[in-house]
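# Tertiary structure, described
For reference, the chains in residue letters:
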Amino acid sequence: MKLLTFKGGIHPPYGKEYANTKAIERAKAPEKVYIPLQQHIGAPAKAVVNKGDEVKLGQLIGEAQGFVSSNIHSSVSGKVVDIKVCDVPGGQAPCVIIENDFKEELHESVKPKGDLETLTKEEIVGIIKDAGIVGMGGATFPNHVKISPPPNSTAEYVILNGAECEPYLTADDRLMVERPDDVVFGIRALMKSLDVKKGFIGIEANKPEALKNVMEAAKAYPEVEVVGLEVKYPQGAEKQLIYACTGREVPSGALPIAVGAVVDNVGTAAAISDAIQKGMPLVERITTVTGPCIAEPKNLITKIGTKVYEIIDQCGGIKQGVEAGKLIMGGPMMGLAQYTDDISTNKGSSGILILPESEARFPEPQNCIRCGRCTEVCPAFLQPLYISAYSLKNMFDQAEAVNAMDCIECGSCSFICPAARPLLPSIRTAKREIGARRRAAAKK
Ligand code: SF4
Ligand code: SF4
């Protein structure tokens with residue numbers, strides 16, 4: 001099989017061996033869930049339950065506010081005991097706290113939504129919207145927005161990201177191995193919702209069983225092409241995946257739809273399958289609990305709102321004799337380091353990674369030696385050293401002029417830099433500042 005890829009990129013240690021052979025297991029249901037009302041890009045949802053209410057599994061508890069927002073549903077049946085601000089990955093958010101009665105009673109709205117062949121595209125978009133489905137690769141962008149392109153643009157391809165190029169994470173790999181039919185059902189639903197005739201499912205070559213099973217599942221659907229991808233980071237980034245599958249380059253500052261592409265994650269496709277075939281909204285997900293510090297790495301189906309320390313406990317906790325140095329939600333390249341494990345999972349919780357003290361330390365930065373390696377690996381064809389240098393001197397106009405906003409924050413430049421320059425953090429600062437300036441200018 002010819003393997004497709006993009007220009008640039010790196011080969012970090014992948015660490016997939018900790019969990020890639022571990023079959024998906026269902027995590028023990030927690031006594032309480034802490035379900036954030038903000039677990040997607042866009043406006044937070046508004047609580048539609050009150051303290052003391054009885055709720056059922058799959059019941060709407062937070063209603064989307066505005067177009068770019070997402071519904072939130074209960075992941076258990078039980079009683080709402082509080083609604084208050086709690087610690088969540090990356091900060092704080094209002095959470096609906098529900099005491100689990102362990103009856104798993106389904107809400108009346110949880111029932112199959114119809115046959116894919118007879119559902120209209122508007123009905124599919126409506127089901128996805130009602131089910132609160134967001135990008136499951138970590139981006140958490142509301143999916144119904146993604147599949148409602150502006151009237152002047154036309155989608156030609158749906159591309160599913162099965163690359164899972166982020167080191168250590170294996171949730172998507174196991175999903176494709178164990179539920180390939182749901183992944184294929186999901187892409188077919190997405191294609192129908194967008195009136196698209198061609199779909200790609202891109203899978204990195206280090207997932208041979210996933211490739212085989214998804215190919216088998218897609219056999220009856222010639223409009224869905226399963227393609228092998230080179231093992232390289234960030235193979236699963238939107239623009240890089242589009243280039244690998246179609247040869248089309250998304251212009252600077254544009255969205256994938258500019259070249260006729262809509263990209264989704266394989267986990268999102270499986271969630272769409274659940275929403276249509278079972279009527280189940282997005283209330284749980286597969287989370288990889290992994291890394292050298294975890295006693296028994298696993299791929300667990302976790303209820304949204306479960307505390308991270310409870311999940312780690314179910315994986316045997318921290319291995320004896322290892323000093324844990326850093327907890328990351330997600331993978332080591334694009335994940336978010338946390339200061340506590342007393343946080344609850346959300347729709348984007350693809351991984352819980354614990355790295356040892358020895359791997360968690362940042363080396364002391366040295367002067368740039370102008371080796372050019374950061375430029376060589378940058379998949380967005382940027383010159384990270386210049387953007388970073390401008391940012392460190394607060395020269396944000398100059399950083400904008402060298403396309404800082406095109407940075408996809410993959411971290412490849414920081415990874416490769418022999419001088420340990422703080423490239424990504426300083427580029428992020430520049431992007432934040434430029435974004436704030438653009439917003440302020442738009443208000444004038
Ligand atoms: S500049 Fe941005 S896109 Fe380029 S390698 Fe660095 S983090 Fe990745
Ligand atoms: S990789 Fe590091 S040392 Fe080399 S040019 Fe880029 S910033 Fe400078």
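So, here is what we can say about the structure in this document. Note that the structure is a prediction, hence the values are computed from the model and not measured. (Residues numbered from 1 in each chain as written. Chains lettered and ligands numbered in written order. Predicted model: local features only at pLDDT ≥ 70, side-chain atom pairs only at ≥ 80, totals over all residues. Heavy atoms only, no water.)

## Let's talk about the site of ligand 2
Residues in contact with ligand 2, as listed here, are Cys 368, Ile 369, Arg 370, Cys 371, Gly 372, Cys 374, Leu 385, Cys 417, Pro 418, Ala 419, Arg 421 and Leu 423. Of the residues belonging to the shell around ligand 2, the class tally is 9 nonpolar, 1 polar and 2 charged. (Near = heavy atom within 4 Å. Nonpolar A, V, L, I, M, F, W, Y, C, P; charged D, E, K, R; others polar.)

## What to know about helix H1 (residues 121-130)
Considered for burial, the residues of H1 that qualify are Ile 124, Val 125, Ile 127 and Ile 128. In a view along the axis of H1, the buried residues occupy a sector of 160°, so they form one face of it. Across from the buried face of H1, at angles greater than 90 degrees, the exposed residues are Glu 122 and Asp 130. Summarising the contacts, the buried residues of H1 are in contact with helix H2 (143-146), helix H4 (180-194) and helix H7 (266-277). (Buried < 20%, exposed > 50% of the residue type's maximum accessible area, 1.4 Å probe, protein only. Helix = DSSP H or I, 4+ residues; strand = E, 2+ residues; numbered from the N terminus. Arc of directions from axis to C-beta. Contact = heavy atoms within 4.5 Å.)

## Here we look at the site of ligand 1
Residues in close proximity to ligand 1 include Cys 378, Pro 379, Pro 384, Cys 407, Ile 408, Glu 409, Cys 410, Gly 411, Ser 412, Cys 413, Leu 424 and Ile 427, which together make up its full environment. Only helix H13 (412-416) and helix H14 (423-443) provide two or more residues apiece to the shell around ligand 1.

## Here's the deal with the environment of Thr 345
Structurally, Thr 345 is set in the loop between strand S16 (336-338) and strand S17 (351-356). Linking Thr 345 and Gly 305, residues 40 residues apart in sequence, is a C-alpha distance of 4.9 Å. When near neighbours in sequence (up to four residues on either side) are disregarded, Thr 345 contacts Pro 36, Lys 303, Ile 304, Gly 305, Thr 306, Val 308 and Ile 311.

## Side note on the pairing of strand S8 (residues 91-100)
Two elements, strand S2 (residues 32-36) and S8, share 5 bridges in a ladder whose sense is antiparallel. Residue pairing across strands places Val 33 opposite Ile 98, the latter belonging to S8. Where strand S7 (residues 78-88) lies against S8, 10 bridges are found, and the strand directions are antiparallel. In the sheet register, Asp 82 faces S8, and the bridge partner there is Ile 97. The antiparallel pairing of S7 with S8 creates a hairpin that spans 2 residues between the two strands, and Gly 90 there sits at a positive phi of about 85°. (Pairing = 2+ DSSP bridges.)

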